[in-house]
Amino acid sequence: APASPPTRHLFSDPAEVQALRGNLLAWYDRCKRDLPWRTLAGTELDANRRGYAVWVSEIMLQQTQVATVINYYNRWMQKWPTLQALAQASLEEVNELWAGLGYYSRGKRLQEAAKKVVSELAGQMPRTAEDLQKLLPGVGRYTAGAIASISYGQATGVVDGNVIRVLCRLRCIGADSSSPAVIDRLWDMANALVDRSRPGDFNQALMELGATVCVPKAPLCAECPLKQHCQAWRRKLLGKTAPVPDVEDCGGGGCPLCPPATEPWDSSLGVTNFPRKAARKQPRAAQTATCVLERRGCHGALEYLIVQRPSSGLLAGLWEFPSFPLAPGLQEDKQRQALADHLQAWTGQAVAVRDLRLIGEVVHIFSHIRQTYVVYSLSLDQDVTLDPALSPSRWVTEEEFHTSAVSTAMKKVL
């Protein structure tokens, strides 16, 4: 059986827990950022709309910075202020508003869950973290805890990247912070720490602290309201001559939360010794040929042909320039021929290899793919209609292109 962590890794002193809660909430009341979802959730909305407002923000904030989300959130809530309004929207509308925000399946799942609430749950949001996670597609443990605590006052903790960083530093947790065993322990800690009278504010305060003070690099320890509770900060101040047993002395090397013996404390890093993660897997490389087909429209404006991607998989349902994957190491002449054959199969018209003009390459990094788009252009004198059985397609002006549900990668291509 795995060793149990010593109490010095945990929050075992009730007086310290109470002091930590008070210090953190007092700091939050003074320093919290003015964010639109906090303003909206704090108004006199009914419980259902309050839950929806928080839910949308939490989904958008996954893997995306606050500064990027604000404008998207405001436009979303203006367009679909209620669950019922979102449930009536089309996936095309959702994709258009989401375009550029990334991780596009988030918007699709959000709308699917809204439809389920309306059709199967009588339009009423679940009120507990357990029910939110069980009943709503795309709502995981963190999102469920955030909605339940912020909107409905359930005393349940949350663990996201910011919380992981704060807790690992507070208790010198140096084991791989992405491992299931450490994550489970962090959830136990978050649930033990959450303030029972202000759970939503406490959770937001803990995340806010990680986002603005206890940041990954160059944390502002002097401004931190929890520094007196932080073992990493104390370790930095006292160095290796600590007058009390140090956390690295746990259990003769058997502690499941301590740094591995091969990666001891680095005094030059200070509190940024924590958290620690396993080496990140490099994204796989992929190459795609993309052709920008151009024509002059009836009013003389330049138009581009875009096609819709399949309804599942990467960038599901979004629009793009005609594209297809390339085999690794394919030379340019082979690329041109393959692209010409591909376009001819799509359009039913002969495409001359010599008419394809190589423009250059665009590299776009997805979370797990380093995608290189080899961009060609082709000017057409006649109309082209793709076989609708293959893929929906349409001609758009540059202005229409930018308001369509296209990915950031395709905007780079244009």
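Residues numbered from 1 in each chain as written. Predicted model: local features only at pLDDT ≥ 70, side-chain atom pairs only at ≥ 80, totals over all residues. Heavy atoms only, no water.

Thoughts on empty space enclosed by the protein
- Scanning all chains against the criterion turns up 3 cavities of 30 Å³ or more.
- One number sums up the size of the largest cavity: a volume of about 110 Å³.
- Forming the walls of the largest cavity are 15 residues, and the residues nearest its centre are Arg169, Cys214, Cys221, Cys224 and Cys230.
- Top contributing element to the lining of the largest cavity by residue count: helix α10 (residues 161-170), with 3 residues.
- Tallied by class, the residues present in the lining of the largest cavity amount to 13 nonpolar, no polar and 2 charged. (1 Å grid on protein atoms, 1.4 Å probe; cavity = no way out; pocket = protein on both sides within 12 Å on 5 of 7 lines; lining within 4 Å. Points joined across faces, edges and corners; volume = space filled by probe spheres on them. Helix = DSSP H or I, 4+ residues; strand = E, 2+ residues; numbered from the N terminus. Nonpolar A, V, L, I, M, F, W, Y, C, P; charged D, E, K, R; others polar.)

Quick notes on the packing of aromatic side chains
- Inspection of the entire model under this criterion finds 6 aromatic pairs.
- Seen in terms of ring centroids, Trp37 and Tyr73 are 5.3 Å apart; in terms of plane orientation they differ by 80°. Their pairing is edge-to-face. Taken together, the residues Trp37 in helix α2 (residues 36-41) and Tyr73 in helix α4 (residues 66-79) connect sequence positions 36 residues apart.
- With 4.7 Å between their ring centres and 75° between their planes, Trp76 and Trp80 make a pair best called edge-to-face. In this structure, Trp76 and Trp80 share a single accessibility class: buried.
- Grouping aromatic residues by their ring pairs yields a cluster made of Trp76, Trp80 and Trp98.
- When the ring centre of Trp187 is taken as reference, the NZ or CZ atom of Arg141 above it lies at 4.1 Å. (Phe/Tyr/Trp six-rings, centres within 6.5 Å; stacked < 30°, edge-to-face > 60°. Buried < 20%, exposed > 50% of the residue type's maximum accessible area, 1.4 Å probe, protein only. Lys NZ or Arg CZ within 6 Å of the ring centre and 35° of its normal.)

Comments concerning the domain arrangement of the chain
- Partitioning the chain into structural domains gives domain 1 (7-273) and domain 2 (284-412).
- Relative placement of domain 1 and domain 2: their C-alpha centres are 40 Å apart.
- Every contact between the two is made by 8 residues of domain 1 and, on the other side, 16 residues of domain 2.
- Buried area between domain 1 and domain 2, summed over both chains or domains, comes out near 810 Å², and the portion from carbon and sulfur atoms is 48%.
- The interface formed by domain 1 and domain 2 includes 1 salt bridge. (Domains from an automatic or database assignment. Contact = heavy atoms within 4.5 Å. Buried area = accessible area lost by both parts, 1.4 Å probe. Salt bridge = Lys/Arg side-chain N within 4 Å of Asp/Glu carboxyl O.)

Points about the nonpolar core
- Core analysis: the biggest nonpolar cluster contains 102 residues, and Tyr52, Trp55, Met60 and Trp76 have the highest contact counts within it.
- With 8 residues, the single largest contributor to this core is helix α3 (residues 47-61).
- Among the domains, domain 1 (7-273) and domain 2 (284-412) are the pair contributing at least three residues each to this core.
- Met60 has contacts with Val69, Tyr72, Tyr73, Trp76, Trp98, Leu101 and Arg106, leaving out every residue within four places of it along the chain.
- Core analysis: the second largest hydrophobic core is formed by 18 residues, Leu293, Leu343, Val351 and Leu356 among them. (Core = buried A, V, L, I, M, F, W, Y, C linked by side-chain atoms within 4.5 Å.)

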